[in-house]
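# Report on the structure
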Amino acid sequence: MDFAGAHILSVDQFERGDIERLFRTADRMEPYAQRKRLTRVLEGAILANMFFEPSTRTRISFGSAFNLLGGEVRETVGAESSALVKGESLRDTARVLSGYSDVICMRHPEAGSVAEFAAASRVPVINGGDGPNEHPSQALLDLYTIERELRSRGRGLDGLRIAMIGDLKYGRTVHSLGRLLALYRDVSVVLVSPPELAMPEEHVERLRAAGHRVVVSDRLEESIAHVDIVYSTRIQEERFPDRAEADRYRGRFRLNAEIYTRHCEPNTVIMHPLPRDARGGELDCDLDDHPNLAIFRQTDNGLIIRMALFALILDVAHLVDRYARDVHWLNTRNRRPRGNAGG
Ligand code: NCD
């Protein structure tokens, strides 16, 4: 695909070569994300961050990624603070915002809404999650994390064995990640969920059509025994009619240090798109110091993947280093703050 000027609405847009190009661009963003260097390549550009559903990671990391490339960010949080509550159509909002900005990130509770918005936008739009449908930037950062974790174990993405666990019906991150995995070879996927929250058939079909082995299960222990990646997700309570309904499923699959140690191979990587649901306990804090827990490497990778997306969409990826310079405060950035408890 041609990234320059493209909307990013679904992972279906990508071929394997596009993913490779994005990931190698992301590698080059790392020193900037880690504040070892500074670039102003997007100076003067404006990102409109439109989040009509709760978000911490996705919204802040899109904003920070744009700032780290030298651009400015304007944002709306919650539908109640936008003119959508006055009855404005997504079409009109898109026309207006594309006059104010150079790229737009949008999250919205309805499937297909971001594509509808993008159709009326004159600037590129990135889907930050459209209801239960897709979350392409999360799937890209998840796949990038898997690639990096496996590379450090001398492996590649082909031949991957992964268990996806939890609310596979409403979880948009697993929908997008599953579709991306169809691009690779010889993948084994175990889908672990209550039967009522199973992965929608179209995503399962996509994996099978790619020749992958797909096993559907509702038993945690045996499903995580022979996989490279355990990808846990929370029950998506906001998609249920009420809390009581979500409570029926919460806590059904709890991964903790004891279960991990007893059932997983010693190299198995633990992932979760976050947020973890403390009430559901799907990923226990007693694994927090485990070296195979990659959840905070995922969030760090989210920043560099989003920088790479912006750099490619705004066609400046080849110029990032040319607009780089040194600044003094960066020297203090990686020091531990003084005065923390315990010195
Ligand atoms: C996910 C989302 O919003 O779909 N979070 C995220 O973007 N990292 C997963 C979730 O909310 O469970």
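Residues numbered from 1 in each chain as written. Predicted model: local features only at pLDDT ≥ 70, side-chain atom pairs only at ≥ 80, totals over all residues. Heavy atoms only, no water.

Next up on the list: the pairing of strand β9 (residues 229–232). Because side chains alternate across β9, one face comprises the buried residues Ile229 and Tyr231, and the other comprises Val230 and Ser232, equally buried. Taken together, the four bridges between strand β6 (residues 161–165) and β9 define a ladder with parallel strand orientation. In the strand pairing of β9, Ala163 is matched with Val230. (Buried < 20%, exposed > 50% of the residue type's maximum accessible area, 1.4 Å probe, protein only. Helix = DSSP H or I, 4+ residues; strand = E, 2+ residues; numbered from the N terminus. Pairing = 2+ DSSP bridges.)

Under the domain assignment used here, the protein chain contains domain 1 (11–134 + 302–331) and domain 2 (136–296). On a C-alpha basis, the centres of domain 1 and domain 2 stand 26 Å from each other. Between domain 1 and domain 2, the buried area comes to about 2,400 Å², and carbon and sulfur atoms account for 55% of it. Remark: the boundary between domain 1 and domain 2 carries seven salt bridges. One salt bridge in this structure joins Asp158 and Arg16, with 2.8 Å as the shortest N-O distance. For the side of domain 1 that touches domain 2, the secondary structure elements donating two or more residues are α1 (16–33), α2 (57–68), β5 (125–130) and α11 (295–313). Ranked by residues supplied to the side of domain 1 that touches domain 2, first place goes to α1 with nine residues. Residue classes in the side of domain 1 that touches domain 2 are distributed as 12 nonpolar, five polar and 13 charged. (Domains from an automatic or database assignment. Buried area = accessible area lost by both parts, 1.4 Å probe. Salt bridge = Lys/Arg side-chain N within 4 Å of Asp/Glu carboxyl O. Nonpolar A, V, L, I, M, F, W, Y, C, P; charged D, E, K, R; others polar.)

With that settled, consider the side chain of Arg179. Positionally, Arg179 belongs in helix α6 (residues 172–181). Looking at Arg179, its side chain comes within polar contact range of the side chain of Glu202, at 3.1 Å. Leaving out residues up to four positions away in the same chain, Arg179 has contacts with Val11, Asp12, Glu134, Glu202, His203 and Arg206. (Polar contact = N/O pair within 3.5 Å; in protein donor to acceptor, adjacent residues only side chain to side chain. Contact = heavy atoms within 4.5 Å.)

Taken together, Thr58, Arg107, His135, Gln138, Arg172, Thr173, Arg234, Gln236, Pro273, Leu274 and Pro275 make up the full set of residues adjacent to the ligand. Interatomic distance of 2.9 Å between a side-chain N/O atom of Thr58 and an oxygen atom of the ligand. With respect to the ligand, the side chain of Arg107 contributes an N or O atom lying 3.1 Å from an oxygen atom. In isolation the ligand offers 310 Å² of accessible surface; the protein chains occlude 95% of this area. Among the detected pockets, the ligand sits in the second largest pocket. By residue class, the composition of the shell around the ligand is three nonpolar, five polar and three charged. (Near = heavy atom within 4 Å. Areas by Shrake-Rupley, 256 points an atom, 1.4 Å probe, with all protein chains shown as cover. 1 Å grid on protein atoms, 1.4 Å probe; cavity = no way out; pocket = protein on both sides within 12 Å on 5 of 7 lines; lining within 4 Å. Sits in = over half its atoms within 2 Å of the grid points.)

With that out of the way, let us pick up the sheet that holds strand β7 (residues 188–192). With respect to topology, five strands assemble into an open sheet ordered β8-β7-β6-β9-β10, the strand pairing being parallel. Here the strands that pair on one side only, and so sit at the sheet edges, are β8 (213–217) and β10 (269–271). The mean angle between the axes of side-by-side strands here comes to 15 degrees, regardless of whether they run parallel or antiparallel. Examined bridge by bridge, β7 and β8 share five bridges and lie parallel to one another. Residue Val189 lies in a different strand from β8, and its bridge partner there is Val214. Lying over the sheet, α6 contacts β6 and β9, oriented at roughly 160 degrees with respect to β6. (Axes fitted to C-alpha atoms, helices over the stretch in contact; angles between N-to-C directions.)

Scanning the entire structure with this criterion turns up zero disulfides. Between Cys264, a cysteine without a disulfide, and Cys285, which holds the nearest cysteine sulfur, the sulfur-to-sulfur distance is 17 Å. (Disulfide = S-S within 2.5 Å.)

Turning to the nonpolar core, a few remarks are in order. Within the largest apolar cluster, 69 residues are counted, with the highest numbers of intra-cluster contacts made by Leu22, Leu143, Ile146, Ile162, Met164 and Phe310. Of all the elements, α11 adds the most residues to this core, at 10 residues. Looking at which domains feed residues into this core, each of domain 1 (11–134 + 302–331) and domain 2 (136–296) supplies at least three. If we skip the residues at most four places from it in the chain, Ile146 touches Leu157, Leu160, Ile162, Leu177, Ile229 and Met271. Formed by 19 residues, the second largest nonpolar core is a distinct cluster that contains Ile165, Val227, Ile270 and Ile295. (Core = buried A, V, L, I, M, F, W, Y, C linked by side-chain atoms within 4.5 Å.)

A separate point is empty space enclosed by the protein. Within the structure shown, the criterion is met by one cavity of 30 Å³ or more. Computed from the structure, the largest cavity encloses a volume of approximately 80 Å³. Contributing to the lining of the largest cavity are Gly166, Asp167, Thr233, Arg234, Ile235, Tyr249, Gly251, Arg252, Phe253, Gly280 and Glu282. Its residues assigned to classes, the lining of the largest cavity comprises three nonpolar, four polar and four charged. (Points joined across faces, edges and corners; volume = space filled by probe spheres on them.)

Before going further, it helps to examine the pairing of strand β2 (residues 46–51). Of all six residues in β2, five are buried, a share of seventy percent or more. When β2 meets strand β3 (residues 72–77), the two strands line up parallel, connected through six bridges. Within β3, the position partnered with Phe51 by the bridge is Val77. Handedness of the β2-α2-β3 crossover: right-handed. Bridging between β2 and strand β4 (residues 103–108) involves five bridges; their strand directions are parallel. Paired with Leu47 across the two strands is Val103, which belongs to β4. (Right-handed = clockwise from strand over helix to strand, strands pointing away.)

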